[in-house]
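So the chains spell out like this:
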Amino acid sequence: DAGVIQSPRHEVTEMGQEVTLRCKPISGHNSLFWYRQTMMRGLELLIYFNNNVPIDDSGMPEDRFSAKMPNASFSTLKIQPSEPRDSAVYFCASSLLAGNEQYFGPGTRLTVT
Amino acid sequence: AQTVTQSQPEMSVQEAETVTLSCTYDTSESNYYLFWYKQPPSRQMILVIRQEAYKQQNATENRFSVNFQKAAKSFSLKISDSQLGDTAMYFCAFMYNNNDMRFGAGTRLTVKP
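Predicted model, so just to flag it, every value in this text is computed and none were measured.

Thresholds applied
- All residue numbers here refer to positions counted from 1 along the written sequence of the relevant chain.
- Key to labels: chains lettered from A, ligands numbered from 1, both in the order written.
- Where totals are concerned, whole chains, interfaces and linings use all residues; where local detail is concerned, this predicted model gives features only for residues with pLDDT of at least 70, and gives and counts side-chain atom pairs only at 80 or more.
- Remark: hydrogens and water are excluded; side-chain values derive from all non-hydrogen atoms of the structure.
- When a residue's accessible area, from a 1.4 Å probe over protein chains only, is under 20% of the maximum for its type it is buried; when over 50% it is exposed; and in between it is partly exposed.
- Think of it this way: any DSSP run of H or I at least four residues long counts as a helix, any run of E at least two long counts as a strand, and we number them from the N terminus.
- Between any two strands, pairing holds if DSSP finds at least two bridges.
- Cysteine sulfur atoms that come within 2.5 Å of each other are treated as a disulfide pair.
- The contact definition used throughout considers only heavy atoms, calling two residues in contact when any of these lie within 4.5 Å.
- The term buried area denotes the loss of accessible surface (1.4 Å probe radius) that occurs when two parts are joined, taken as the sum for both partners.
- Basic side-chain nitrogens of Lys or Arg form a salt bridge, by our definition, when they fall within 4 Å of a carboxyl oxygen of Asp or Glu.
- Whenever two N or O atoms come within 3.5 Å, that pair is a polar contact, provided that in protein one can donate a hydrogen and the other can accept it, and provided that, for residues adjacent in sequence, both atoms are side-chain atoms.
- Here a cavity denotes grid points, spaced 1 Å and computed from the protein atoms alone, that fit a 1.4 Å probe unable to get out, and a pocket denotes an open set having protein on both sides within 12 Å along at least 5 of 7 lines; residues with an atom within 4 Å of a point are the lining.
- Grid points are joined across faces, edges and corners, and a volume is the space filled by probe spheres set on the points.
- In this count, Pro and Cys sit with the nonpolar residues alongside Ala, Val, Leu, Ile, Met, Phe, Trp and Tyr, while Asp, Glu, Lys and Arg are called charged and the others, Gly among them, polar.

With respect to the pairing of strand S6 (residues 46–52) of chain B
Residue and element names in this part refer to chain B. Here S6 lies mainly inside the structure; five of its seven residues are buried. Relative to S6, strand S5 (residues 33–39) runs antiparallel, the two sharing six bridges. Each residue of the ladder has a partner; that of Phe35, found in S6, is Arg50. The turn joining S5 and S6, which pair antiparallel and follow one another in sequence, is formed by six residues; a positive phi near 70 degrees is taken by Arg43.

So this is what it looks like as structure tokens:
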């Protein structure tokens, strides 16, 4: 199995630009999670989906952030407009069943200048 | 609110020795799961071990074992026969409601040759 796939691995953009992060969960997994990791705040859950439906987006910091899961094998996290304080590593993770361990992708390091 | 506390920001151990990383959590939930994740310099989050709260027996995975004390809300990780490849950040995580996972701040472990 290829594991959770994220793209791009690195993204550098200017303030105000739109950024789209992509994730392909492990085939057969029905839960998908987006996390953000920073030195100041550690790992934070932004949003998660069960069977492509957003269940809890209370961790999404602002309306500038949005996430979609149009099908079982693809999800996006979009930031529009981006700001320097959005600079972080963004992880996508998936799990087979509710309550099971989550498997993480390699992360996307986002730098907003 | 569910919180996870890792009181040791950094630790070091000599190769082949044993080290224990501490984790405590606060919750009023009765059914939950606990995990230890490892994050090496590659930043990939790797599942080390998992424990279900309803199980009294401590989980083990090869050189990794936990000491789960439910009444004390403690979940420590013991690494035996430490290897250089064990050098990483270690995160304790608590999951309830089947998918809501909270991470501790992490412990940076260095294995010295």
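So, the state of the cysteines
A disulfide bridge is the covalent bond that connects two cysteines by way of their sulfur atoms. Within the structure shown, the criterion is met by two disulfides over all chains. Note on cysteine connectivity: Cys23(A) is disulfide-linked to Cys92(A), with sulfurs 1.8 Å apart. Since a negative S-S torsion denotes a left-handed disulfide, the Cys23(A)-Cys92(A) link at about -70 degrees is left-handed. Here Cys23(A) is found in strand S3 (residues 19–24), whereas its partner Cys92(A) is found in strand S9 (residues 88–95), with 69 residues between them in sequence. Here Cys23(A) matches Cys92(A) in class, with each residue buried. The disulfide that involves Cys23(B) links it to Cys92(B), with 2.0 Å between the sulfurs. Between Cys23(B) and Cys92(B), the S-S dihedral sits near -70 degrees, and the bridge is therefore left-handed. Here the residue Cys23(B) occupies a position in the loop between strand S3 (19–21) and strand S4 (24–26), and Cys92(B) occupies one in strand S10 (residues 88–96), the gap between them amounting to 69 residues. For Cys23(B), a relative accessible area of 1% corresponds to the buried category.

Here's the deal with the interface of chain B and chain A
The interface is formed by 17 residues belonging to chain B together with 25 residues belonging to chain A. Between chain B and chain A, roughly 1700 Å² of surface is buried when both sides are summed, and carbon and sulfur atoms account for 49% of that area. Interface area lost by chain B to chain A is led by Arg43(B), Asn99(B) and Phe103(B), which between them contribute 40%. Seen at the junction of chain B and chain A, the total is one salt bridge.

Remarks on the environment of Glu83(A)
Residues and elements named next belong to chain A. Note on placement: Glu83 falls in the loop between strand S8 (74–79) and S9. Owing to a relative accessible area of 22%, Glu83 belongs among the partly exposed residues under this scheme. Sequence separation between Glu83 and Glu18 is 65 residues; the distance between their C-alpha atoms is 9.7 Å. When near neighbours in sequence (up to four residues on either side) are disregarded, Glu83 contacts Met15, Arg64 and Val112. Among the polar contacts made by the side chain of Glu83, one reaches the side chain of Arg85 at a distance of 2.6 Å.

Here's the deal with the layout of surface pockets
Estimated volume of the largest pocket: approximately 590 Å³. Every element with two or more residues in the lining of the largest pocket is listed here: strand S4 (31–38) and S9 of chain A together with S10 and strand S12 (107–112) of chain B. If you tally residues by element for the lining of the largest pocket, the top one is S10(B), at three residues. Grouping the amino acids of the lining of the largest pocket by side-chain chemistry returns 11 nonpolar, six polar and four charged. A volume near 290 Å³ is recorded for the second largest pocket. Residue lining of the second largest pocket: 17 residues in total, with Leu43(A), Glu44(A), Leu45(A), Met101(B) and Arg102(B) positioned closest to the centre. Those elements that provide at least two residues to the lining of the second largest pocket are strand S5 (42–50) of chain A together with strand S11 (100–103) of chain B. For the lining of the second largest pocket, the element with the most residues is S5(A), which contributes six residues. Class assignment for the residues of the lining of the second largest pocket results in seven nonpolar, four polar and six charged.

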